[in-house]
Amino acid sequence: MMTVNEVSKLTGVSVRTLHYYDEIGLLPPAVTTEAGYRMYDNTSLERLQQILLFKELEFSLRDIKKMIDSPGFDREKALSEQIKLLTLKKEHFENLISYAQQIRSKGEYDMDFKAFDNAKIETYKAEAKKRWGDTEAYREYETKSADYTEEKEQTLAKGLMEIFKEFGQQTEKSPSDAKVQGQVKKLQDYITANYYACTKDILSGLGQMYAAGGEMTENIDAAGGKGTAEFAAKAIAEYCK
């Protein structure tokens, strides 16, 4: 665990900015102590990396939160998107540098303004934003959660982890066992009741994400024990056949 000051020194993000990110729900600390100190873990730092990469690509904080919190958000795919956008941005700056050097070498202004055209970057950004933050499931979630307080969101998150804790208590059973399949149904119903209509297609995609590694897998395994995420994914796959 790291304090807000330690995170600030490590990342170069000011303490004031980290406090603001917490206030708007973009980067809540892993734990807030009884004394009110914000504490951040590795999962928090991974989320901050995503925020900073998207911010570097000039996405608004609102759009960043929408994308990262999207039900379909996949960190590995997002990283590929970010690399593509950073590469496009690098090419754009190289064109601008070359353009400026030509003006200096000629000693006169060049009326060719193609180097300033960043339409390709903007188009790719729009596609990425739509892909992560403009799904029907997310719009439904946005409507349902409009009146959720921070306490309500934390309660729902704990409820979700309780379901995975129960998955962890069933790992010795077959994923196709009736009780395990009942647990999958419980998960599906919980998501539908509190977030968005969890169809089998959506549930199938979530199952794949649960076992794909990274933050989501770590959180599930922390709740139910090592291997819980992979077991839940297999049970979901069986359920969605």
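Residues numbered from 1 in each chain as written. Predicted model: local features only at pLDDT ≥ 70, side-chain atom pairs only at ≥ 80, totals over all residues. Heavy atoms only, no water.

## Remarks on the overall build of the protein
Here is step 1: On a plain count of helices and strands, the protein comes out with 12 helices and three strands.
Here is step 2: Burial analysis of the protein (241 residues in total) assigns 38% to the buried set.
Here is step 3: When contacts within the protein are restricted to residue pairs at least 6 apart in sequence, those whose partners lie at least 24 apart make up 61%. (Helix = DSSP H or I, 4+ residues; strand = E, 2+ residues; numbered from the N terminus. Buried < 20%, exposed > 50% of the residue type's maximum accessible area, 1.4 Å probe, protein only. Contact = heavy atoms within 4.5 Å.)

## What about the sheet that holds strand S1 (residues 2-3)?
Here is step 1: With antiparallel pairing, three strands are arranged side by side in an open sheet as S1-S3-S2. In this open sheet, the two strands that pair with only one neighbour each are S1 and strand S2 (31-32).
Here is step 2: Pairing between S1 and strand S3 (residues 38-40): two bridges, direction antiparallel. Along S3, the bridge assignment pairs Thr 3 with Met 39. (Pairing = 2+ DSSP bridges.)

## A look at helix H10 (residues 200-210)
Here is step 1: The complete set of buried residues in H10 reads Leu 203, Leu 206, Gly 207, Met 209 and Tyr 210. Looking straight down H10, one finds its buried side chains confined to an arc of 160°; they lie on one side. For H10, the exposed residues set more than 90 degrees away from the buried face come down to Asp 201 and Gln 208. (Arc of directions from axis to C-beta.)

## Regarding the packing of helix H3 (residues 42-56) against helix H4 (residues 61-68)
Here is step 1: Contact pair H3 / H4: the axes reach a minimum separation of 10 Å and the direction vectors enclose 135°. Put simply, H3 runs oblique to H4. Here H3 runs over H4; the crossing is right-handed. Contacts from Arg 47, Gln 50, Ile 51, Phe 54 and Lys 55 in H3 reach Leu 61, Ile 64, Met 67 and Ile 68 in H4. (Axes fitted to C-alpha atoms, helices over the stretch in contact; angles between N-to-C directions. Parallel < 35°, antiparallel > 145°, perpendicular 65-115°, else oblique. Left-handed = near helix turned anticlockwise from the far one by under 90°.)

## A look at the pattern of salt bridges
Here is step 1: Within the structure shown, the criterion is met by six salt bridges.
Here is step 2: The salt bridge involving Glu 238 is made with Lys 241; its shortest N-O contact spans 3.1 Å. (Salt bridge = Lys/Arg side-chain N within 4 Å of Asp/Glu carboxyl O.)

## Quick notes on the packing of aromatic side chains
Think of a pair of aromatic rings as described by two things: how far the centres are apart, and how the planes are tilted against each other in angle.
Here is step 1: Using the criterion set out here, one finds two aromatic pairs in the structure.
Here is step 2: Consider the rings of Phe 164 and Tyr 210, whose centres lie 5.1 Å apart with planes at 85°: the pair is edge-to-face. Of this pair, Phe 164 sits in helix H8 (residues 150-168) while Tyr 210 is found in helix H10, placing the two residues 46 residues apart along the sequence. Here Phe 164 matches Tyr 210 in class, with each residue buried.
Here is step 3: Through a chain of ring-to-ring contacts, three or more aromatic side chains come together here, namely Phe 164, Phe 167 and Tyr 210.
Here is step 4: The ring of Tyr 239 has Lys 200 sitting right over it, with the charged end atom 5.0 Å from the ring centre. (Phe/Tyr/Trp six-rings, centres within 6.5 Å; stacked < 30°, edge-to-face > 60°. Lys NZ or Arg CZ within 6 Å of the ring centre and 35° of its normal.)

## Side note on the packing of helix H1 (residues 4-11) against helix H2 (residues 15-23)
Here is step 1: Axis separation between H1 and H2 bottoms out at 9 Å; the angle between their running directions is 115°. The orientation of H1 relative to H2 falls into the category roughly perpendicular. Note on packing geometry: the crossing formed by H1 with H2 is right-handed. Listed contacts from H2 to Val 4, Asn 5, Val 7 and Ser 8 of H1 are Val 15, Leu 18 and His 19.
Here is step 2: The residue inventory of the contact of H1 with H2, partitioned by class, reads four nonpolar, three polar and no charged. (Nonpolar A, V, L, I, M, F, W, Y, C, P; charged D, E, K, R; others polar.)

## Overview of the state of the cysteines
Here is step 1: What the rule picks out here adds up to zero disulfides.
Here is step 2: Left unpaired, Cys 198 is separated from the closest cysteine sulfur, that of Cys 240, by 7.8 Å.
Here is step 3: Look at Cys 198 and you get buried, because its relative accessible area is 4%. (Disulfide = S-S within 2.5 Å.)

## Observations concerning H3
Here is step 1: Relative to the 21 Å expected for 15 residues at 1.5 Å per residue, H3 spans 21 Å between its end C-alpha atoms, a close match to the ideal helical length.
Here is step 2: Where H3 begins, the side chain of Asp 41 points an oxygen toward the backbone nitrogen of Thr 43, at a separation of 3.2 Å. (Expected span 1.5 Å × (residues − 1). Polar contact = N/O pair within 3.5 Å; in protein donor to acceptor, adjacent residues only side chain to side chain.)

## Some thoughts on the nonpolar core
Here is step 1: Phe 164, Phe 167, Leu 187, Ile 191, Leu 203 and Tyr 210 are the most contacted members of the largest nonpolar core, which has 26 residues in total.
Here is step 2: Elements with a minimum of two residues in this core: H8, helix H9 (178-194), H10 and helix H12 (228-239).
Here is step 3: Counting residues per element, this core draws most heavily on H12, which supplies six residues.
Here is step 4: Ignoring any residue separated from it by four or fewer positions in sequence, one finds Ile 191 in contact with Leu 160, Tyr 196, Cys 198, Leu 206 and Tyr 210.
Here is step 5: Among the nonpolar cores identified, the runner-up in size contains 20 residues, and Leu 18, Leu 45, Phe 59 and Phe 73 belong to it. (Core = buried A, V, L, I, M, F, W, Y, C linked by side-chain atoms within 4.5 Å.)

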